[in-house]
Amino acid sequence: DVKVTQSSRYLVKRTGEKVFLECVQDMDHENMFWYRQDPGLGLRLIYFSYDVKMKEKGDIPEGYSVSREKKERFSLILESASTNQTSMYLCASSLSWTGIYEQYFGPGTRLTVT
Amino acid sequence: DQQVKQNSPSLSVQEGRISILNCDYTNSMFDYFLWYKKYPAEGPTFLISISSIKDKNEDGRFTVFLNKSAKHLSLHIVPSQPGDSAVYFCAARSLGGSRLTFGEGTQLTVNP
């Protein structure tokens, strides 16, 4: 059974702080993704990675960066948190090139920036 | 530019009746479609998928229909149960890629 874990369920940070969100998957998946979910906007892709040290921008990368030093771990970094980054952050992983495109999601981190 | 659109933010049905959730897309390069279900304070979980070479896929109470000419897919849940109450997202994959594009979601409420 695929397991994707996220370091925190709830996080409260102040404006201007540097924030790290960690995600770990245990199924040796090549692809990892960071989304944010906001009411009425669905899931929007921030960044994804298809291999260690490889990353691609998603639809809303501004204000975020990522790091993937090990295959199982994908970190999302908010360099200087702002109130408009208050959201639910979801990490996901998937296999590559298998004909199965299902992504497995972690439980999410509810981030509040005050 | 919203390439995957779920026009109904919410849907309410009676237990035992059919729930029909709809999704429209604009990108002709989408070749694989998925439905996810999300409960509050949990991550989305995969429900059912369909390849663009098919027009129907069934799994128990869940059936997904794809109308490529209309660029429309729908998820049918029969019979609906109170435990089906959740937000449902449709998602689409572009040919040759691994990323998914998600719709806005529809909140389904099944009343006992």
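Look a little higher up for the structure.
Heads up: these notes are all about the structure in this document.

The rules behind these values
- The numbering scheme is per chain: residues are counted from 1 as the chain's sequence reads.
- Chains and ligands are labelled sequentially in the order written, the chains with letters from A and the ligands with numbers from 1.
- For a predicted model such as this one, the threshold for reporting local features is a pLDDT of at least 70, and the threshold for listing and counting side-chain atom pairs is 80 or more; totals across whole chains, interfaces and linings nevertheless cover every residue.
- Side-chain calculation: all heavy atoms of the structure are included, whereas hydrogens and water are not.
- Salt bridges are identified by distance alone: a Lys or Arg side-chain nitrogen within 4 Å of an Asp or Glu carboxyl oxygen.
- Only protein chains enter the accessibility calculation, which uses a 1.4 Å probe; a residue whose area is less than 20% of its type maximum is buried, one above 50% is exposed, and one in between is partly exposed.
- Numbered from the N terminus, helices here are DSSP runs of H or I no shorter than four residues, and strands are runs of E no shorter than two.
- The criterion used for residue contact is that any of the two residues' heavy atoms lie within 4.5 Å.
- Criterion for a disulfide: a pair of cysteine sulfur atoms at a distance within 2.5 Å.
- Note on terms: buried area is the combined drop in 1.4 Å-probe accessible area of two parts once they are placed together, counting the loss on both.
- Side-chain atoms alone can form a polar contact between residues adjacent in sequence; in general such a contact is a pair of N or O atoms within 3.5 Å, and within protein one must be able to donate a hydrogen while the other accepts it.

Some details on the pattern of salt bridges
Applying the stated rule across the entire model yields 11 salt bridges over all chains. Here Asp38 of chain A ties to Arg36 of chain A by a salt bridge, and the two come within 2.8 Å at their closest N and O atoms. Asp38 of chain A sits in the buried class, given a relative accessible area of 10%. For Arg61 of chain B, the salt bridge is made with Asp84 of chain B, and the minimal N-O distance between the two is 2.8 Å. Taken as a pair, Arg61 of chain B in the loop between β6 (56-59) and β7 (62-67) and Asp84 of chain B in the loop between β8 (72-77) and β9 (86-94) lie far apart in primary sequence, 23 residues in all. Take Arg61 of chain B: its relative accessible area is 22%, and that puts it in the partly exposed class. Several salt bridges converge on common partners, so that one network encompasses Arg36, Asp38 and Arg44 of chain A.

Thoughts on the environment of Pro82 of chain B
Residues and elements named next belong to chain B. Within the fold, Pro82 resides in the loop between β8 and β9. Along the primary structure Pro82 and Gly103 are separated by 21 residues, whereas in three dimensions their C-alpha atoms are 23 Å apart. Dropping the residues within four chain positions of it, Pro82 is found in contact with Glu15, Val110 and Pro112.

Overview of the state of the cysteines
Residues and elements named next belong to chain B. Taken as a whole, this structure holds 2 disulfides over all chains when the rule is applied. One disulfide in the model links Cys23 with Cys90; its S-S distance is 1.9 Å. Residues Cys23 and Cys90 are joined through a disulfide that is right-handed, its torsion about the S-S bond being 60 degrees. Remark: Cys90 occurs in strand β9 and Cys23 occurs in strand β3 (residues 19-25); sequence separation between them is 67 residues. Comparing Cys23 with Cys90 shows no difference in burial state: the two are buried.

Concerning the interface of chain B and chain A
Counting from both sides, the interface comprises 19 residues of chain B and, opposite them, 25 residues of chain A. In this assembly, chain B packs against chain A so that about 1,800 Å² is buried in total across both faces, 58% of it on carbon and sulfur atoms. Run the count over chain B and chain A and you get 1 salt bridge. Between Asp59 of chain A and Arg99 of chain B there is a salt bridge whose closest N-O contact spans 2.9 Å. Our count for the contact surface shared by chain B and chain A stands at 6 residue pairs in polar contact (both at pLDDT 80 or more).

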